[in-house]
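Listed below, chain by chain, are the residues.
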Amino acid sequence: MLAFINYNQSIFIKSKFIAMAHNVTLIPGDGIGPEVISAAQKIVNATNVNINWELCEAGKKSFAQGLTTGVPSETIASIKRNTVALKGPLETPIGHGGKSANVTLRKLFDTFGNIRPVKTMPGIKSPFQNHDIDMIIVRENVEDLYTGIEHMQTPDVAQTLKLISSWGCENISHLAFSIAQSQGRKKVTCATKANIMKLSEGMMKRTFESVAELYPDIESEHIIVDNCAHQMVMNPEQFDVIVMTNMNGDILSDLGSGLVGGLGIAPGANYGENAAIFEAVHGSAPSIAGKNIANPTAVILSSVMMLRHLGELDAADAIENALYVTIDKGKFLTEDISPTPICGTTEQFTNQVMNNLGQTHNKWSKRSHSKLKLQSVPIVESAPSYSTEGVDIFFHTSTPPQTLAKTLSNIAQKCGFLLKMIANRGVQIYPDIGGFTSKSPPHHQCRFIYKNGSPTESEIVKLVAHLGAEYSWTHLERLQNSQNTETYSKAQGES
Ligand code: NAP
């Protein structure tokens with residue numbers, strides 16, 4: 001039911017119906033972005049799917065114009081209007097200054113789910129070319145260490161907050177099961193570091209397990225994330241859908257693309273309740289930008305995901321088939337995947353794909369792609385059930401632990417608190433539990449418990465003021481008490 005316009009502009013008319021137009025925001029991006037986005041746009045247009053592309057800017061140029069978000073308001077308005085975008089990579093300033101424009105876009109549109117398919121393609125050389133890998137990595141996209149909340153606590157000690165919410169875990173778990181349902185997949189694996197980060201990663205594990213009960217037809221399992229990395233290399237075929245928190249998913253999805261042939265062929269999508277942004281896993285690859293040698297496959301496959309999202313299933317299948325045929329023929333492939341030293345340019349490869357539209361590859365098999373359920377769970381706050389039992393205060397001091405403890409204990413006593421322990425990087429150093437802790441950095445976590453129930457706000461402020469007069473405090477954390485759940489971690493060695 002499709003009409004294809006091939007490279008030579010000859011038209012295969014298979015349908016006389018002109019379908020409804022889709023409005024799509026198109027962001028070429030930085031580095032190789034404009035080259036690979038233009039390739040994908042040409043191929044999508046050649047299927048005759050009716051798309052009104054709305055060209056928009058974001059990234060390097062916007063940063064250079066002094067826009068600290070890297071995303072102009074016209075681009076935000078366009079995505080808001082169209083709810084679908086195809087985006088090239090955006091360069092991120094490293095180590096200082098502006099925030100990532102990619103992260104800004106994800107947050108602005110609350111695209112909480114990042115989807116990265118990992119699939120073996122015939123004709124692509126990789127250490128796993130003889131395997132039949134076909135998995136989807138579902139990565140939480142807006143929380144975790146990527147909230148970007150960081151502080152230098154001392155000139156030598158930095159802190160990044162890992163923020164995980166139960167809603168975030170619930171949304172991403174539902175999305176993973178929804179993807180499994182929409183594509184007829186059988187199993188969802190949740191990979192976490194819950195054995196170490198029992199509260200944050202543990203929340204992901206616990207939430208996943210309760211969401212899994214709502215999908216009895218789909219097998220579910222939990223695996224520790226480092227073992228998941230190992231298993232992905234040892235036996236990748238065992239995975240169908242893997243769901244993870246943000247950083248774990250970021251790292252393991254790149255591992256996934258490495259399994260099947262590299263960043264040049266790894267597509268992705270960012271889904272939220274109100275918008276979907278499709279983009280390759282790779283970045284702007286500045287070293288090959290402007291040379292007409294970048295592989296456009298990852299962005300073309302991202303546009304295939306976009307077409308499925310728009311309900312244009314035939315066009316999506318046609319492009320996927322044309323890619324399979326082109327890559328398997330092995331001619332005019334870009335340098336990163338070419339089986340011979342004679343490589344094609346981005347443009348030549350694109351033209352081959354366009355010429356092969358309408359062909360079917362014998363190893364390509366059809367999957368169902370029913371509409372994804374993208375509703376996020378409502379934010380319903382739990383009734384407050386915590387009471388304060390004390391505070392952790394972090395100090396920047398090189399005072400030896402025994403001396404520090406003596407002074408802090410005396411002050412705490414006068415304020416109605418008890419110094420329970422001092423820890424350095426999570427290990428108790430007062431009271432001494434043995435070991436070699438003398439080389440600890442001058443950054444101490446000191447735990448104060450109120451002696452008589454819950455302290456009032458002014459009692460906490462009084463404690464901080466008195467301690468602060470002696471030692472420089474850098475960070476304060478409330479210790480909450482709950483009858484049912486653990487609400488703060490103990491230091492190694494703490495009773
Ligand atoms: P990268 O741009 O993904 O490039 C890493 C290497 O992968 C390239 O040097 C190139 O290898 C290869 N590569 C990537 N895409 C390719 C393609 N389409 N065809 C052929 N080879 C490809 O990663 P990076 O160098 O770490 O990041 C560069 C910039 O992109 C940074 O500013 C980063 O913040 C940004 N970034 C943006 C996004 C995004 O917009 N979603 C994602 C990741 C990174 P060879 O050098 O071997 O040719």
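All values reported here derive from a predicted model rather than from experimental measurement.

Undergrad: Even after reading the chapter, I still don't get the site of the ligand, so can you show me in this structure?
TA: Contacts to the ligand come from 21 residues, most closely from L90, N102, G283, A285 and N295. Within the backbone of G283, an N or O atom sits 2.7 Å from an oxygen atom of the ligand. Burial of the ligand by the protein amounts to 64% of the accessible area it has alone, namely 870 Å². Its residues placed into classes, the shell around the ligand shows 9 nonpolar, 8 polar and 4 charged.

Undergrad: Which parts of the structure should I look at to understand unusual backbone geometry?
TA: Backbone geometry follows two general trends: most residues other than glycine have a negative phi, and most peptide bonds adopt the trans configuration. The linkage connecting Y430 with the following residue, P431, adopts the cis geometry, with an omega of -15°. Summarising the element assignment, P431 is placed in the loop between β17 (427-430) and β18 (444-450). Non-glycine residue D144 carries a positive phi angle of around 70°. Checked against the element boundaries, D144 lands in the loop between β7 (134-140) and β8 (150-154).

Undergrad: Help me out: how do you make sense of the pattern of salt bridges in this one?
TA: When the charged atoms of two side chains with opposite charge come close together, those side chains can pair. For the structure shown, the criterion picks out 24 salt bridges. Across the pair R367 and D134 runs a salt bridge whose closest N-O atoms are separated by 3.1 Å. Here D134 lies in strand β7 and R367 lies in the loop between α11 (346-355) and β15 (387-396), a separation of 233 residues in the sequence. Close ionic contact of R185 with D240 constitutes a salt bridge, the shortest N to O distance being 2.9 Å. Here the residue R185 occupies a position in the loop between α5 (166-182) and β10 (187-192), and D240 occupies one in the loop between α7 (225-234) and β12 (241-244), the gap between them amounting to 55 residues. An identical accessibility class is assigned to R185 and D240; each is buried. Bridged by salt links that share partners, the residues K119, D134, R185, D240 and R367 form one connected network.

Undergrad: Can you walk me through the environment of D240 in this structure?
TA: Judged by relative accessible area, D240 falls into the buried class, the value being 13%. When the C-alpha atoms of D240 and I137 are compared, they prove to be 8.5 Å apart, with 103 residues separating the residues in sequence. In contact with D240, other than residues within four places in its own chain, are D134, M135, I136, R185, K186 and K187. In terms of polar contacts, D240 uses its side chain to reach the backbone amide nitrogen of K187, at 3.3 Å.

Undergrad: I would appreciate a short explanation of the pairing of strand β3 (residues 22-27) in the present structure.
TA: Moving residue by residue along a regular strand, the side chains alternate between the two faces of the sheet. For β3, a buried count of 5 out of 6 residues is recorded, marking the element as mostly surrounded by other parts of the structure. Where β3 lies against strand β4 (residues 51-55), 5 bridges are found, and the strand directions are parallel. When the bridges of β4 are listed, T25 appears paired with E54. Once the chain exits β3 it traverses helix α1 (residues 33-46) before rejoining the sheet at β4, and the crossover so formed is right-handed.

Criteria and thresholds
- Residues numbered from 1 in each chain as written.
- Predicted model: local features only at pLDDT ≥ 70, side-chain atom pairs only at ≥ 80, totals over all residues.
- Heavy atoms only, no water.
- Near = heavy atom within 4 Å.
- Polar contact = N/O pair within 3.5 Å; in protein donor to acceptor, adjacent residues only side chain to side chain.
- Areas by Shrake-Rupley, 256 points an atom, 1.4 Å probe, with all protein chains shown as cover.
- Nonpolar A, V, L, I, M, F, W, Y, C, P; charged D, E, K, R; others polar.
- Helix = DSSP H or I, 4+ residues; strand = E, 2+ residues; numbered from the N terminus.
- Salt bridge = Lys/Arg side-chain N within 4 Å of Asp/Glu carboxyl O.
- Buried < 20%, exposed > 50% of the residue type's maximum accessible area, 1.4 Å probe, protein only.
- Contact = heavy atoms within 4.5 Å.
- Pairing = 2+ DSSP bridges.
- Right-handed = clockwise from strand over helix to strand, strands pointing away.

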